[in-house]
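Observations on the three-dimensional arrangement
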Amino acid sequence: MKYVATAFLLALVVNTSIGSAVRAQSVEDLAKSAAADAKSGKNLEAYNTIRNAALKIWESGPLLFREARFVKSSPTGYGIYDPRPNSVFKPGEKLFIYVEPVGFTWKEQNGLNHAELVSDLVLKDSDGSVLGEQAGFGTFTFDSRDQNMEVMTALTIDFTEAPAGKYVAELKFTDKLGKKSASFELPFEIKGEGGNEDKAE
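Please read all numbers here as calculations on a predicted model, not as lab measurements. (Residues numbered from 1 in each chain as written. Predicted model: local features only at pLDDT ≥ 70, side-chain atom pairs only at ≥ 80, totals over all residues. Heavy atoms only, no water.)

What about the pairing of strand 5 (residues 112–125)?
Look at any regular strand and the pattern is simple: side chains alternate between the two faces of the sheet. Extensive coverage of strand 5 is indicated by the burial of 11 of its 14 residues. Two elements, strand 4 (residues 107–109) and strand 5, share three bridges in a ladder whose sense is antiparallel. In the sheet register, Lys 107 faces strand 5, and the bridge partner there is His 114. Counting the residues in the hairpin turn of strand 4 and strand 5 gives two residues, including Asn 110, whose phi is positive at 55°. Sheet topology places strand 5 next to strand 6 (residues 130–144); 11 bridges connect them, and they run antiparallel. Its bridge partner lying in strand 6, Lys 124 is registered against Val 130. Linkage of strand 5 to strand 6, two consecutive antiparallel strands, is achieved through a turn of four residues, within which Gly 128 is found at a positive phi near 95°. Of the pairings in the sheet, the one linking strand 5 to strand 8 (residues 165–175) comprises nine bridges and is antiparallel in character. (Buried < 20%, exposed > 50% of the residue type's maximum accessible area, 1.4 Å probe, protein only. Helix = DSSP H or I, 4+ residues; strand = E, 2+ residues; numbered from the N terminus. Pairing = 2+ DSSP bridges.)

As structure tokens, then:
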């Protein structure tokens with residue numbers, strides 16, 4: 001029994017050392033290691049190593065958006081959405097927005113990886129004048145056993161009483177754990193029934 005416990009402890013120390021070594025490697029070194037593994041047919045090892053390289057870039061970089069667009073309806077998952085052909089809406093039509101945030105912070109919490117994002121909404125007219133603001137328009141929390149990189153958020157703007165015209169929706173995302181923030185703008189137009197909503201821009 002003592003031997004088994006000692007062997008387990010040694011294995012734990014070795015695994016911890018390997019993990020630290022991977023974290024200490026540069027992105028370039030990890031990429032070279034992944035290329036070597038792939039060349040020798042170690043595909044899973046290559047995938048895991050290149051993923052570690054991607055996580056290093058993720059952790060050290062700013063908050064970014066891989067995708068931020070209007071979609072036809074509420075998305076059901078990462079990459080699972082129907083893009084709108086344009087940003088022209090009918091009066092009373094809801095605005096569905098699909099966003100893929102990149103570079104936010106994962107921190108261990110209660111044995112899981114935890115992340116928190118909050119989005120604020122600023123509505124502007126076509127001249128840039130602010131028509132309205134809503135802090136905490138969207139709040140997103142993630143808990144996972146992995147540090148997921150394929151993460152999406154969905155927002156719905158109910159703009160039912162707005163008159164016809166051109167507008168801009170500015171969404172500012174804040175990474176609550178990493179103290180990062182970034183924003184993007186989505187111009188859109190509300191046009192009456194006489195407009196051609198199906199015409200692509």
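There is more to say after this.
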